[in-house]
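Structural overview for review
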Amino acid sequence: MSVFSHFFSPADIISTVEFNHTGELLATGDKGGRVVIFQREPESKNEPYNQGEYNVYSTFQSHEPEFDYLKSLEIEEKINKIKWLPQQNAAHSLLSTNDKTIKLWKITERDKRPEGYNLKDEEGKLKDLSTVTSLQVPVLKPMDLMVEVTPRRIFANGHTYHVNSISVNSDCETYMSADDLRINLWHLAITDRSFNIVDIKPANMEDLTEVITASEFHPHHCNLFVYSSSKGSLRLCDMRASALCDKHSKLYEEPEDPSNRSFFSEIISSVSDVKFSHSGRYMLTRDYLTVKVWDLNMETKPVETYQVHDYLRSKLCSLYENDCIFDKFECAWNGSDSVIMTGAYNNFFRMFDRNTKRDVTLEASRESSKPRAILKPRRVCVGGKRRKDDISVDSLDFMKKILHTAWHPTENIIAIAATNNLYIFQDKVNSEMH
Amino acid sequence: MGVQRYMLGKGGKRKFDEHEDGLEGKVVSPTDGPSKVSYTLQRQTIFNISLMKLYNHRPLTEPSLQKTVLINNMLRRIQEELKQEGSLRPVFITTSQPTDPLGDNFREAQPAFSHLASPSIHPTDFVSTTPLESCLTPASLLEDDTFCTSQTVQHDGPTKLPPPAIQPVKDSFSSALDEIEELCPTPTSTEAVAVAAAAAAAAAEDSKENSSESNIQKPEGVQESRTSESKLMDSLPGNFEITTSTGFLTDLTLDDILFADIDTSMYDFDPCTSATGTASKMAPVSADDLLKTLAPYSSQPVTPNQPFKMDLTELDHIMEVLVGS
């Protein structure tokens, strides 16, 4: 297990975590607009304990705070989402976005440098021509590895509201960006033009009762995408049907359970994240209290529903008052779509095995997890009976929340963002470390 | 009276604390007889929290649209419920809804409220949201209060409401609240109150004592408060919201009667039935009451650049004008 953290400051709060398509790289974004990229060390027989560990590869400032002078509003630099592009050549590319502006970054390595120019010296300054007495052929000399990050494209002015999702299409040429009311389709090479593919802004804003909360392209079919709403529904759209996908192809919605009806029914049903399974057959959604697996072929109800922290159902009023009820928890599939993971409070995160229906609560904390230690399952007790090591609902720390998690695309390695700490856990089955 | 009002403001908070654990989340259907009280209580609490949330957010940052929409839906839902409950008294609806003579004051105030509720989201977009917000926001609360405390007042405008019908029946919720109030220690000093609140209290006391005189003073008071408000409107930056400017001098709207269901309870101990205050006297106080109701739920201290603070100082001014005259 690895832990990366800084001295705590609000800017250090991790706001997104994302593995690249091979799992070799892991990127995090934070509230301060920085992106940190971790690279998995190549396996080495000499250092058995060092194999597969992730170390910092590069850090760069992706977004800066801005000020909208027309509206007198600050535009935060916080990185809302990072998405890796499929690797096309030696360089890696990723998209990062704050509330308004999406940027395409190219990450390249340099481990050689040219030496022996005729007209320039080592530092690149022009030589005094009188000293040049002979001509030589410049050569490439090895040097310490340098990672260069350069901004390649800036996709600005496409969003009036806050961007909540970006998703790269399987055609590898386009991507979409979603804000509260609209979804735009961009070509990765064109920054001055985007196509509006969803617009749910009512003619009269007083009629607005629903917003887009998350959106994603289908992993295999480049014409399909899904978006979730604050009313708990999912809409699957087919871009072949029309240029503006205002009419969904499929609407996934579960009728409200009358026994659980409360003032907060709508708020807790608001979908905070939606993810297609790797197979493309299922969709995973997270709302405040549950994670649900939907079959693309069944619109009426989810095929599986898992309770993340049902014991909070009796605390909703307090959670509404302290704004926690609006926390946007994300969710993740493992590489084989058999296990799902999502975060909770008190630095807990939950895993659900879809086959065995077993679930586990784990804790990401410095105190309880030393490198190569095994995570101990935690339990939150609700009633009077309390076992040793159980945590009572009342002692949960709602400031320590795990909103962002990511699962390695093929292996059992997970990355957990707990406030300003990044925890990387590895399954012991795959190697001798955790 | 002012002291009592303050106590009520406190009582609002205390009642929330006391019932928090037992009630929250476990919302029962409004039709469940025995738990109707707790249901109404929770509804009031949630209503107050929701209003607070709409007003309180970090200055200069754009509030999350998702959050705003969800909170608005919450308020809308509560309003819808109240509407349904209100429809049991058809007199109100038939008399008030069709006429609904919104005074100029009220119309002017609407943009201010929408601005308050969603202060920064795309002016072009959100100016149009006015009716939504205004029907949910303190406008109705204020007017409701006016309504509650001034039934005996003859409204200046073309009032269509039959005064006897307005009298809210003291329901079980109200009496429950009264019991809660009795349990609460009565604060004997207003030291802890915000300056403006104290001023409002003083004004209220005055108005009570001078109630006989106030009738005579009324026309002047009305005039003055109006002019001072319009002056404020002109001189203050666009971000300023004049909560007192809403049509407290105008006729009651449907919302007034509806919201009476929840808010009259706050003032039930008040000599509601024998209220002798005048509209001009009572309205600013009611604005202040709203503030007090909201204040306990505020997690952050009110900062100078938040609208309410400005309101308080301006309220003071208005109060001085009214009381001093």
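Higher on the page you've got the structure.
Residues numbered from 1 in each chain as written. Chains lettered and ligands numbered in written order. Predicted model: local features only at pLDDT ≥ 70, side-chain atom pairs only at ≥ 80, totals over all residues. Heavy atoms only, no water.

Observations regarding the packing of aromatic side chains
Residues and elements named next belong to chain A. For the structure on display, the rule yields 18 aromatic pairs over all chains. Ring geometry for F60 versus W105: centroids 4.6 Å apart, planes at 50 degrees, classification tilted. Residue F60 is found in strand 5 (residues 54-61), and its partner W105 is found in strand 10 (residues 102-115); the two are separated by 45 residues along the sequence. Each of the two residues, F60 as well as W105, counts as buried. With a centroid separation of 6.1 Å and 5 degrees between ring planes, the pair formed by Y175 and W186 is classed as stacked. (Phe/Tyr/Trp six-rings, centres within 6.5 Å; stacked < 30°, edge-to-face > 60°. Helix = DSSP H or I, 4+ residues; strand = E, 2+ residues; numbered from the N terminus. Buried < 20%, exposed > 50% of the residue type's maximum accessible area, 1.4 Å probe, protein only.)

Some details on the packing of helix 2 (residues 36-55) of chain B against helix 3 (residues 65-86) of chain B
Residue and element names in this part refer to chain B. With their axes 10 Å apart at the nearest point, helix 2 and helix 3 run at an angle of 145 degrees to one another. Helix-helix and strand crossings are classified by hand; for helix 2 and helix 3 the assignment is left-handed. Side by side, helix 2 and helix 3 meet where Y39, R43, I46, F47, S50, L51, K53 and L54 of the first sit next to T68, I71, N72, M74, L75, R77, I78, E81, L82 and E85 of the second. Across the contact of helix 2 with helix 3, the residue classes tally to 10 nonpolar, 3 polar and 5 charged. (Axes fitted to C-alpha atoms, helices over the stretch in contact; angles between N-to-C directions. Left-handed = near helix turned anticlockwise from the far one by under 90°. Contact = heavy atoms within 4.5 Å. Nonpolar A, V, L, I, M, F, W, Y, C, P; charged D, E, K, R; others polar.)

Some thoughts on the sheet that holds strand 9 (residues 92-97) of chain A
Residue and element names in this part refer to chain A. Spatially, 4 strands are ordered 8-9-10-11 in an open sheet, and the strand pairing comes out antiparallel. Pairing within the sheet leaves two strands with one partner each, and these edge strands are strand 8 (81-84) and strand 11 (139-155). Direction aside, the axes of adjacent strands within the sheet are offset by 25 degrees on average. (Pairing = 2+ DSSP bridges.)

Points about the nonpolar core
Nonpolar side chains in soluble globular proteins tend to be buried together. Core analysis: the largest hydrophobic core is formed by 48 residues, its most contacted members being A:F264, A:Y288, A:L312, A:Y320, A:I325 and A:L396. For this core, the secondary structure elements donating two or more residues are helix 1 (265-269), strand 21 (282-286), strand 22 (290-295), helix 2 (316-321), strand 24 (331-333) and strand 26 (348-353) of chain A together with helix 2 and helix 3 of chain B. Sort the elements by how many residues they give to this core and helix 2 of chain B lands first, with 7 residues. Apart from residues no more than four positions distant in its own chain, A:L396 is found in contact with A:Y311, A:L312, A:N346, A:F348, A:V380 and A:I391. Counting 14 residues, the second-largest nonpolar core is a separate cluster that includes A:A332, A:F349, A:Y423 and A:F425. (Core = buried A, V, L, I, M, F, W, Y, C linked by side-chain atoms within 4.5 Å.)

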